Structure formats: C-alpha cells, structure tokens
Amino acid sequence: MPVLFWNINGFACDESRCKLQELLKEFKPDIFCLAEPKVHCTLTFLRGLYVDGYKKEVIHNLVGRSKGNLWIFWSMDIATPVMVNSSRQAITIKAEDVFISFVHASCFQVTRRSLRQQLSSFDNNIPWLVMGDFNCVFRNDEKKGGCTPSTSAINEFSDWLGDNNLFEADSLGSKYTWANGLSGVHRILCKLDRVVIDEAWLMKFENWRYFMSMVMESWNAPVSGSPDYIYPYKLKRLKAAMKEWNFRFFGNVNARLKQAKLTMEVALRISDEDPEDITKLNFAKEASVTLQKIRMRQSIMLKQKSRNKWLKEGASNTSFFHATIHTRRSSDMISELVDDDGNVISNCDQIRDYTVSYFESKFNGVELPIDEQLFHYEHDTISTEESHRMDAIPTYDEIKADVYDLDDDSAPGPDGFSGCFYIHCWDVIQQDLYNAVTYCWEHQRIPNGVNSSLLILLAKVRGANTLRNFRPIGLSNFFFKFFTKILSTRLGSVLDKLVSEEQVAFMKGRNIHENISVASELVNDLKTKHKGGNVGLKLDITQAFDIVSWSFVLEVFRRYGFSQQWCSWIYSVLRSSRISILLNGSPDGFFKINRGNLRSLHNLLELLGKYQTASIQTVCHQKSKVYYGGGTLSRCRTITDLLGMEVSTFPDRYLGVQIMPGAVKYRHISNVVDKIKKQLSVWKGKMLSFQDRFILINSVISSYAIHNMVVYKWPQKFIQ
C-alpha cells in the first residue's frame, strides 16, 4: 500500500498543486497526507481542487475556526478509511485492515501522549505505520550544525519506539529532511521527518517490489509437462533470472562498496570547497545514502557467511562479527589429509579424488543377510489406521505447515533456494509446489536432481587430518526437505510406542537427564562386592549417524507394522537421506551396568555381532570403555580381554556430564569452568557490546551450568 506524506507548507499557490500532481503521478499512492496546507478546508476549496483518481472527500483535524494542519486523501480504488482518532498533532485512520498515523508535531512530547491515547484502542495484531514530522532527531548524526541535540529528547524518542515495538523503516533519498535556509557555518540540517512501522506491517508489506514482479514474471511463463517436471524446471529457470537480476542490482558488493567510498570522499571534498553551493551539497547527500545502502547489503551478506543465528542487527558489523568469519574460513580449510596407509596428501586434486573415493565406499556398503533372532522379542506395532495415515497423500495444509516450520535461514542446497524464498514467495509458487509434492508422493518417485546435496565436512576435533575425524553434513535442496519433513513428522507421531522407554535421547517428550541420573546411581553401586564383580560398558558406535544398512531399516519398518508402500517410499528417499537406528543408545553409545557374569557378556557380544552384521553399524573398541568394580584384578583382566576394550575409571563424561561416585567436588566440574572461561576469553575487550555479551551469556553460557546442575548439586564454592 503506497502512502505519501508531504509537508506542503501552503496549498493555495498553483506551484504547490502542480508539484502535488507530479508526485501523485510518479508514486501513485493509495493514501496521501498534506501537512500545513495553510488554507481553510471549505467545500468551495475542495471543489476547486481536482486530483485525478482520488475522492474529493478529506479527513482533517480542524476544530472550530482553525485551518487544520493535516489533510488526508485516498484513492478511488480503496474503501473509505475510518478515522480512529484525531488531535492537533496526529490523525490515525484505519484503511484496508491497517492503521496509519500521520504526525505533524511542534513538540514530540505532546505527540507521544496523543499517540499513546490512540494506541489504547488498537489491535496489536493489525499492522501500524506512523509517518510525518516528529520534530525530533533519533541519533546525534541526524543533525548537522547548530546546537548539539538534547540527549533527553533522543532517549525519550527511543523509549517511545521501544515501548510500542516500533522501528524505523528503510528510506531512500536525502538523509536530512529539513534545513534552516542559511549557508556556510550558519547552515543547520536535521532529519525530522521519518517513517516508523511495527513488525506486523513489515510482514504484510515487504520491500520486494521489483524482486517479486521478476519472480512472478519468470514463474508464470508457460511450461508443459508432468508436475514433477514443471516445478523443478521453474526453479531452474527462476535461478537464471535471479542471477541476472542480482548482477544488475547488486553486482560485486565489495567492489561497489570501495567505489561508493571513493565517490563519497570526492563529493565531500568538492562540497567543502564551496559550502554555499546547494547542488554540490545535495550530491554529497546522495553519495552518503548510496554508501549506506551498499554497506547494509554487505552486512547482510556477511551475516549469512558468519552463520551466527543469535547475532542481532546491532552487532552486524563488529570486530567479533568479522573475526568469526575469518575463524570459520581458516577452520573449514582442508590443506592436507592422511590416508588409510599413513600417506600425507596435500595436492588439491588428490585430496578431491581421495575424498570422493572414501565416501563412495562408505555410503555404498554391501548389504548383508539379517539374522531372524534379532526380531525374536515382543514389541508393539502400529495399527492399521496409523499405517494408512502414514501412506496418505500430503494435504495442502500439511505442506504449508512444513514450509513455515523448516528453518528459513538454513544453508541452501545445490539449487540455491533457501526457506526464506519459499516463505516470501509462497503465494506465487504454492500451487505448483503442491502439485509436485502430491504427484511425487502418489507415484513414489523423486525427480532427478531434486535429491542432490552438497557434502560439507566439519572437523570433529582440532587439527583433524583424516576423513574419519570429519563429520559429513549434507546440504539438501529445500524442495527435497519437504519429503523428509513429512516422513519424519508422521513417523514422530507413532515413534513413542515403538522405541523402548530406555531410549530418551532425541525423543520428543522424554528427558535426556533421566539416563544421566540412572547412570549416576549405578556408578555408586559399581564398587559393591559381588561374585564376579560389576561391569559397566560405554559403547561407541562407529559413524553412528552415517552408516546403516538400508535393507535393515526397511525390515525394521516392516516388523513394526508399516506397509510395503511406506517402505518403498522410504527406500526412494534413503538414496540421499539416511536414518540411523541405535541399539537403545545415543551418540555416546549406551551405558549398561551388569554383574561380571561371563555368560551374560558372551550373550551381549553375540547380540552385538548379529546387530553389526545386519545394520553395518559396528562398535568402535578403541573408543568404547569398560568400568569394573567389586571384584578381583584377575577377573577384570579376563573381562577386558574378552571385550577387547580398555578399562576406564571415574569421573568420566557421559552425555555431556561428568559421572562420578559420591559427592561432587570442585575438581569434578572444573572442566565446565574452563569451558566457560574459554568462551568468555573470545568475547572480552571491545569486540562485543554489553548487550551482545548479555545475549550470549543467556543463550550459551547458562546452558553449560544448567545441564550439569539438573543432575548434581554443585559445590557452594563454585555457585558463589
């Protein structure tokens, strides 16, 4: 909804009317407001005022014989606005389900009280825009010349915006909106006119005018074929159009920023040589506005590269912000690798070939037969009704909910489209997306290229130089995520009855601290004397989330009551998305305390062997641990030789918490203190503001202590 405000400073002369006609023809606003018309709003004057395309009615704030300093007009294409409230300083109207307030303030304190009264009748969910002359600056740099702005007035303006959840909208053109008409050292420039909006307004009217028209033009171009061909093709065609648009409107941001800085410096130098030349001063203003716009684009680009989702706008260009980017670039660089034979590879082509070969052999493992005894135990299955619900074709509401539920700021896949695009362009793409998803689901097929992913390697440990120490992360296309999201959402609705109650990690509605508490209690009983002693096992599953047999996964689904249609559809998705099934465990393996009975240990090893053969997931004996107590040393050696694992002692880490017998000592949780100190050392100095450090402490530091305190009562010394 285009809205125009003009402090016309006299509406009787022909020159003002001609200028108004030009503005209306150029911007075509639905609603426009004139401040300080300085004429009486009579029927005779309104009849003589002809504005093509606008109604001759007017909303004003004149009282008695006053002339009124605010007149509001509206287009014939919209419904007649309703005046919500009016005062000498402001008028608020409701038009097209939005609130618009026009301000012409001689004193912002009075205007603030007037708007506060009007707010009492507002629905907070309806978008609200306030525009006009506030007669008050918001920052010190918004005034040039004259006396220094009043700090109390600036704080009052800032508090008013914060109390009403308002923020300033982006603006184009000159930075300063008022001048005292003088030149030289006596010249004063101020930004007194502005537009402020709330979040609801921003969500309803975003500044995507040209972008959206370009998207609609490309998307609505004709194309024929099946729905699973049309949608990917339109994405591919739109991507090419967006690249061209991005090059024309943004280009190389860094190069344009350097050019804008140079232009700004030249413009200021020329203006300083002749301060009375208004043309040169206006050129300097335009250069300043251009520089600010390019800096904002660079900040957006850098924020995406830094990948700090907690980062607020106020910290978008700090030293910490840039340091994070440099740190990420250096840590993500793989300069050399050590292969399985111990050879060092430093050539880029050799690193590429070795990496591809490694993951091809890893993900294309041999399918082995499944031992039937793995399923010889009682377990629940899903009902026939639940099975039909799993197979049902997704509805429009289900697909839309997934679009808005997925992370809109996540890294995009090979097609380059993130969730942000899907949300903002939902009205344009929704029908084609729905047709494609339902067609693919009905025919149980994924179009070629849709399931392509970018494989990113993240180091598990500092200084990683073998591929085993890198965690592969697949960046899938957002379109493909709809299928996995629907599958996981539906599976989550029945998972609680299928997974045993001992498994609490990554299960919605269950608390991971329950396992930690049980492990802590069992550790206290470990030294209790028993025949054969007590044995605790902490098993580490090698590449637990990366390697699993597809046939084993499908067999598990069949045994739990899922239909053949569901299994076939899962198999299609699994070609680029893997599901990891653990044996009553977690990423750290599972923790089990048992008597040191050799028969029990042999049975456990036999079960693990069958599971490893069927699932291809193997126990890493080097990382797994044995805890022994309540028996002889010779018995301990017999057990460790049988299991092929190292004996470990307490305290030890389990699910991120130090497990130890007895009361917690300061030395037991000193690692948490060191971890906090390590984080704080990065945030010290001038790299982050106080507000940014406060956000980090609340979102990061506090979680370290809370996760440990839930299980153990910490020493008073540390709490103080």
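Residues numbered from 1 in each chain as written. Predicted model: local features only at pLDDT ≥ 70, side-chain atom pairs only at ≥ 80, totals over all residues. Heavy atoms only, no water.

**Observations concerning the nonpolar core**
One broad trend across soluble globular proteins is that nonpolar side chains are buried collectively. Which entries qualify depends on this criterion: Residue types Ala, Val, Leu, Ile, Met, Phe, Trp, Tyr and Cys, when buried and joined through side-chain atoms within 4.5 Å, form a set referred to as a nonpolar core. Relative accessible area decides the class of each residue, using a 1.4 Å probe on protein chains only: under 20% of the type maximum gives buried, over 50% gives exposed, and in between gives partly exposed. What counts as a helix is a DSSP run of H or I of at least four residues, what counts as a strand is a run of E of at least two, and both are numbered from the N terminus.
Core analysis: the biggest nonpolar cluster contains 55 residues, and Y231, F421, Y422, L433, F479, F483 and F562 have the highest contact counts within it. Residue contributions to this core peak at 10 residues, all from helix α16 (residues 478-498). Among the nonpolar cores identified, the runner-up in size contains 20 residues, and I59, I72, I78 and I197 belong to it.

**Focus on the packing of aromatic side chains**
The condition is simple: Each Phe, Tyr or Trp ring, with Trp reduced to its six-membered ring, pairs with another whose centre is within 6.5 Å; inter-plane angles below 30 degrees give stacked pairs, above 60 give edge-to-face pairs, and intermediate values give tilted ones.
For the structure on display, the rule yields 25 aromatic pairs. Centroid distance Y231 to F479: 4.8 Å. Interplanar angle 50°. Geometry classified as tilted. Here F479 lies in helix α16 and Y231 lies in helix α7 (residues 227-249), a separation of 248 residues in the sequence. Here Y231 falls in the buried class, since its relative accessible area comes to 0%. Given a relative accessible area of 2%, F479 falls into the buried group. In textbook terms, an aromatic cluster arises when at least three aromatic residues are bridged by ring pairs, as seen for W219, Y231, F417, F421, Y422, W441, F478, F479, F482, F483 and W569.

**Some points on the confidence of the model for the chain**
Convention followed: Confidence of the predictor in every single residue is expressed as pLDDT, which spans 0 to 100. The contact rule is simple, with two residues in contact once any of their heavy atoms fall within 4.5 Å.
For the chain, per-residue confidence averages 77 on the pLDDT scale, and 80% of positions sit at 70 or higher. Note that residues 308-317 has pLDDT below 50 and, in this model, 19 contacts with residues that lie over four places away or in other chains. The low-confidence segment residues 576-593, where pLDDT is below 50, has 62 contacts with residues more than four positions distant or belonging to other chains.

**Observations concerning the pairing of strand β18 (residues 534-538)**
Put simply, the rule reads: Two strands pair under a simple rule: DSSP has to find at least two bridges between them.
Buried residues dominate β18, accounting for five of its five residues. The side-chain alternation of β18 yields two buried faces, one formed by N534, G536 and K538 and the other by V535 and L537. Of the strand pairs in this sheet, β18 and strand β20 (residues 625-629) are connected by five bridges, and their pairing is antiparallel. Bridge pairing in β20 places L537 opposite V626.

**What to know about the sheet that holds strand β9 (residues 143-144)**
As summarised here, the arrangement of the three strands in space is β9-β12-β11, forming an open sheet in which the pairing is antiparallel. Each of the sheet's edge strands pairs with one partner strand only, and the pair in question is β9 and β11 (178-179). Pairing of β11 with strand β12 (residues 189-190) involves two bridges; the strand directions are antiparallel. Looking at β12, one finds that W178 is bridged to C190.

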